[in-house]
Structures are given as C-alpha cells and as structure tokens.
Amino acid sequence: MPYASLSVKDLTSLVSRSGSGSSSSLKPPGQTRPVKVIPLQHPDTSNEARPPSIPFDDIFSGWTAKIKRMRLVDWIDTLFPCFRWIRTYRWSEYFKLDLMAGITVGIMLVPQAMSYAKLAGLPPIYGLYSSFVPIFVYAIFGSSRQLAIGPVALVSLLVSNALGGIADSNEELHIELAILLALLVGILECIMGLLRLGWLIRFISHSVISGFTSASAIVIGLSQVKYFLGYSIARSSKIVPIVESIIAGADKFQWPPFLMGSLILVILQVMKHVGKARKELQFLRAAGPLTGIVLGTTIAKIFHPPSISLVGEIPQGLPTFSFPRSFDHAKTLLPTSALITGVAILESVGIAKALAAKNRYELDSNSELFGLGVANILGSLFSSYPSTGSFSRSAVNNESEAKTGLSGIITGIIIGCSLLFLTPVFKYIPQCALAAIVISAVSGLVDYDEAIFLWCVDKRDFSLWIITSTTTLFFGIEIGVLVGVGFSLAFVIHESANPHIAVLGRLPGTTVYRNIKQYPEAYTYNGIVIVRIDAPIYFANISYIKDRLREYEVAVDKYTNRGLEVERIYFVILEMSPVTHIDSSAVEALKELYQEYKTRDIQLAISNPNKDVHLTIARSGMVELVGKEWFFVRVHDAVQVCLQYVQSSNLEDKKSSFSKRYGCNNNSSSSNALLKEPLLSP
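Criteria and thresholds
Residues numbered from 1 in each chain as written. Predicted model: local features only at pLDDT ≥ 70, side-chain atom pairs only at ≥ 80, totals over all residues. Heavy atoms only, no water. Helix = DSSP H or I, 4+ residues; strand = E, 2+ residues; numbered from the N terminus. Buried < 20%, exposed > 50% of the residue type's maximum accessible area, 1.4 Å probe, protein only. Contact = heavy atoms within 4.5 Å. Areas by Shrake-Rupley, 256 points an atom, 1.4 Å probe, with all protein chains shown as cover. Pairing = 2+ DSSP bridges. Right-handed = clockwise from strand over helix to strand, strands pointing away. Expected span 1.5 Å × (residues − 1). Phe/Tyr/Trp six-rings, centres within 6.5 Å; stacked < 30°, edge-to-face > 60°. Lys NZ or Arg CZ within 6 Å of the ring centre and 35° of its normal. pLDDT = per-residue confidence, 0-100.

(A) Molecular detail of the overall build of the chain. When helices and strands are tallied, the chain shows 28 helices and 10 strands. Put simply, the chain has 682 residues, and 50% of those count as buried. Summarising the internal contacts of the chain: among those between residues at least 6 apart in sequence, 81% fall at separations of at least 24. As presented, the chain carries roughly 32,300 Å² of accessible surface, and 61% of it is formed by carbon and sulfur atoms.

Quick look at the structure:
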C-alpha cells in the first residue's frame, strides 16, 4: 500500500484523539491497517490570535510603507515622470532618433489635427490648438516615452455626437462646450488616476471595444462622404439617417470633389501599406497625410474649381489663456466625459503599456492616466478639446525609434511653428483632402479580422462583438456602449454565478487527480465522489454548487471502475485549492449541505483549502462540525482515508459471502488474503 508520508502518525490514532471533539467521527469497524497522511495545519481562531481589525488597514499599510521608503528623487520622479529619462538621457545616441521621430509625427499630425477638428464639428484651428499645449504638458507628466497624444477620430466623433444635440457647429457655444468637455475629461482622468480606479474598465470585454470601434469607424467614414459627394448629409451617429440622406441627395452629386478626394484617398492608402510592408520605406506612412494636403492644395490653388469647398481663413498665432465657460451644460456633458475617459484608459493606457513593454521600461497605468488628465486640464485653458493617445501616430513614433518624451516636445514645436507661420497657407486646403485623411485613418479601425478570429475561437465573444457593433451602428454610440457593456457584465456575472465544477479521477500509475471529462483514462472509486470547484464560493453561486454536488452523487456512478463494489456513496471530497475566497453565506450553505449529507450517512471531506479560505471556515466553526480529521493537504490523502473506511465497512460482508461461496468458514489463509487486498490500485 502506498503511503503519503512516512513522517506522520497513522489515522487511527488521530481519529481516536480528535473523535471526541468532532460531531461526526466515522470510525471503521473492525481491524484496519494504518493509513498515513500529510498533516494539515489548522489556523488558530482564538481571540488572542486574531489581529486587531482596523478599517482599510490592508489598503493603506502598503501605501504608508512605500511613502516612508521614498527619497526626494523618488518624489520628483513620481510627480514629474520626465525626470526619469532626463537623468539618463544620452545626447549622442538618443537626440538624433528623437529629433527624426518628432519631425515625422509632427508632419503627420498637422493635417490629421485639422481633419479631426472638422470631424468634431470645430474649426480646423482647434485641432492644432489641441495638438500644442497638451503635448508639452504630457511630455512632463506622462509616463510613456513613445505615446503620441492629440486629437483622435473616435474621441472627435464622441465630441461631435455629444455637442450636436446642444448647439449647432456654427455657434460659438459649440466651441465653448468642446473646451469645457476637455476640462471635465481631464478632471475625471486625474481622479481615477489618483484613486487608482483604472481597474474598473477591465470589466469591459475586448470584444465590446473591438465591436464598438469598428462600428464607430464606419459611422465616421460615412460622415465624411459628404465632402466627396459635394452636398450636405444628415449629421448623426446612426447609420440609417446618414445612408438615407446620401441617397436622397444623389441628384446633387458633383464630380470634381469626388475625383480629388478619391485620388488623395488612394494615395494615402498606398503610402500607408507600402510604409507598413517595407521598413526602409516606413517614412511614407507618416508622409501620407502631408502629401495629400500638398497635392489637394496645389490643385485648388492652380485650378480654383468652384465645386470644391476649401477650409477658409484660419487665425494665425498661438492659443491664448482663457478659462472654460458654459458650466451650465456640465451635467449634460458628464456621460460623454466618462465615455471619453473610458476610451483613454482602454486605448491610450493600453498602447502606452504595450510600448513600454516593447522598449523595456516600467509604466504605471494610474500614473499614465493622471498624466493624460493633467494634459487635458491645462490644454482646456488654451482652447483645446479632449486629447488622448493615438494608435497610428504612436506606432509611427515607435517605428521611428523615439527613445524619450523629447520626441513629443519636438512635435509640439512643429505644431507651434505651423500656428505661427503656416496658417495663411492652410486656407487653400480642400475639405475633401481632410476627409480623405480621416477615412484613411479610420479604415484600419474596422477590425473584421478580430470578428473572424472570435468566430473561430469563441462564439460567445463573437456574439458580443456582433451585438455591440450592430447596436452602435443602428442605435447610436451611447446605446451601443451601454448595450455592449451590459452584455459584457452579464457574461461576467453568469460565469461567476455558474462556476466550472469538475469530478476528479485518478490518472493511472500516479497520485494525480484530474477532470474525468478532460482525461477519460482517469478512474474513480466506488463510494467516493471527488469534486473540484474552480471559482471563489460566495452567495451568488453557492446554490448552483449545491445543486451540482447533489447531481454528482448519482451521475458519477457511470465513471466508476475501481474499488470495492458498494451500493451507495459514502464520501464526498471537495478539492478547494482553486477556491480563492469564501464568504459567510457560502460557509452557512456548506454547513447545511454537511447536515444533509449526515442524514444520508455521507461524510464530507475537504482537501487543500488556501490560508484565507481555511481561516474563514475555521472561524465559522465548520472545522469542528465536520471534524479536523476530515481536512487534508492532498486529494490523494483524502482518498486513502476514505478507501480505508469504505473497505472496512464492507469487509465483514465480503468475508461472509466468501465463506458461503466456498464453504470454508474458518479458512484463515483466505481471510488473510482478503485482508491483504490493496486499497489503492496503482
């Protein structure tokens, strides 16, 4: 018979010592051979052993210890993350790379910023304003060294959608509300960063984000088609009104803007794909928007086609300081502010962490969120609308081998020079050229590859992608986000309330126990059910767990193929190593389940609970109720003990049937042979 350990005393003596203190002590009848197990150390639940309960002690103790260890340099690095790379900056090695990366992103950002401002329903100059001050602020307070912030397509669409119902894009109120929105977004980002609440956004599935982004990209692209067609279309975040207005105005179609816009779009797409495909030509990807702007401006300047609308006069000079106004609408803008903050966490922080890992430096998500918040707050004081990290520009910045935040400062200098010297030229930029830049940028956001992947891997996530994208397209951005998040949370709650539970069997030739459905060769023992609960146990799922345990008492029989033949279940072993938490409701339910088992002469055994779970069970009195001898370190130890009891319970019946069959009631050798039957088949 295999032994679990040779250094501990046998179970018989353990039961005899602890049996008096246990409400249920199942002693095997007759003579039994010793079964040795690894002893489980039970926690001390006396009042003297319990630490004093201090509210929020666990939360603040770590912070207090960290603050005490911080030096002046650590405080400076925390408040101003830029000092981390300033102290170690290698001018001879890094400056040339940062300079080229900053110039490349700046050339890409100037036309994109104006295009995204038009998408947000703002004059193009506000796109440049949003690319100026926030970039310098983020270079000081931001943790990422490659993230390129500024206007992005998705946030611009959210701004346009939020403000469209309050003020017309031609009104001054529309601009004031966009600036106020930047202030509100910055405040929310700072609060979430300081309170370290960025983890809340993890409950939104990646499928929801992908579906929402793909649908939003389609809406953005269709909203820009009006500059190609030469006539106005409905301003909406729903696809049906946009398509209806496109069809209704087909008789107003004009060829010149369509041909120019299509030509620029083709050039942008070709340059983008060539830049991605060939590393030595990656500068083409960044130069695409500028090429489109130069080409469109040249055509408009030379031929003066009357059907092609131009950007018009743009104010010259840097933005001036002014405090946001129109706080009367702040309450109305709060939902959109929260949504933009969520986009910042999911996209900007996600991109920043990926770039930090790729370039091998540490980045704290909450510190990054705080840096974005400060950039938006100070940006709103200089006429900026909400800014966040751009995936495309950050990718170009990283591919250009930017090493530090100095590349962002250089990008900001290029924007400043554009505001000071180039705005007179910008008035000749065709609207269709800016629209082509937006369509080219958002075309990569339609993530159909992700939908195909989800279809092949997980149909549930694919359904979540379809639900989110469909509701966003047909019912608007807010409804799409709410429905997607709602379904995402519903799936999380369903998984939590209906956890995976497995019946375990022993793998042949080992002492390892695994799921019998996953390993068909694993075998179980008659009279014993081994169940593993693969989730925390709490009030929401304990009822489901109890129902499954009752079912397994019957259903497990079809898998049994080892051990003595018995007519019923004697033991239920709970493998609790995957259980990370158990609450009071679950403990009370387990007590009720134990009492229910007791009425049917079934003994409950518990294997390998972790420290916190074991302590909760001990404090509830369940250890004394079940009996300390029925708590084990390993499943194999529990099975040894249970098999000993099962065999002992059926030993007399087997001896009697043997004597009747062979007519030798006093055959000692036969009896001894029976006693020597191995308990655990290898």
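(B) Broad picture of the environment of Glu347. Its location among the elements puts Glu347 in helix α15 (residues 330-359). The spacing of Glu347 and Ser390 is 43 residues in sequence and 8.1 Å in space, taken between C-alpha atoms. Once residues within four sequence positions are removed from consideration, Glu347 is found in contact with Leu154 and Thr213.

(C) Inspection of the sheet that holds strand β8 (residues 571-575) at higher detail. Strand order in the open sheet made by the six strands is β4-β3-β6-β8-β9-β10, with mixed pairing throughout. Of all strands in the sheet, those with a lone pairing partner are β4 (513-515) and β10 (631-632), marking the two edges. In terms of strand pairing, strand β3 (residues 501-506) meets strand β6 (residues 528-533) through three bridges, oriented antiparallel. Across the sheet, residue Ala502 finds its bridge partner in β6, namely Arg532.

(D) The pairing of β8, seen in detail. Across the five residues that make up β8, a large majority, five, are buried. Neither face of β8 is left uncovered, since the one carrying Phe571, Ile573 and Glu575 and the one carrying Val572 and Leu574 both have all their residues buried. Sheet topology note: the β6/β8 ladder contains five bridges and is parallel. Paired with Arg532 across the two strands is Glu575, which belongs to β8. As paired elements, β8 and strand β9 (residues 603-607) share five bridges and run parallel to each other. Bridging across to β9, Ile573 finds its partner in Ala605. As for the winding sense of the linkage, the β-α-β connection from β8 through helix α24 (residues 584-599) to β9 is right-handed.

(E) Representation of helix α9 (residues 172-194) in the model. In this model, α9 (23 residues) spans 34 Å end to end at C-alpha, consistent with the 33 Å of a helix rising 1.5 Å per residue. Across the 23 residues that make up α9, a large majority, 17, are buried. Of the residues trailing α9, Arg196 is marked for its positive phi of about 55°.

(F) The arrangement of the packing of aromatic side chains in detail. Summed over the entire model, instances satisfying the criterion amount to 20 aromatic pairs. Ring plane angle 25° and centroid distance 6.2 Å describe the contact between Phe323 and Phe327, whose orientation is recorded as stacked. A residue is classified by how much of its surface remains accessible, and Phe323, at 52% relative accessible area, is exposed. The class for Phe327 is partly exposed, based on a relative accessible area of 40%. Between the NZ or CZ atom of Arg568 and the centre of the ring of Tyr570, over which it lies, the distance is 4.0 Å.

(G) Main features of the confidence of the model for the chain. The predicted model of the chain averages 83 in pLDDT, with 86% of residues at 70 or higher. By mean pLDDT, the top-scoring element of the chain is helix α6 (residues 125-129) (95), and the lowest-scoring one is helix α28 (residues 668-675) (39). Overall, residues 1-31 carries pLDDT values under 50, and its contacts beyond four positions in sequence, including any with other chains, amount to 63 contacts. The low-confidence segment residues 52-56, where pLDDT is below 50, has zero contacts with residues more than four positions distant or belonging to other chains.

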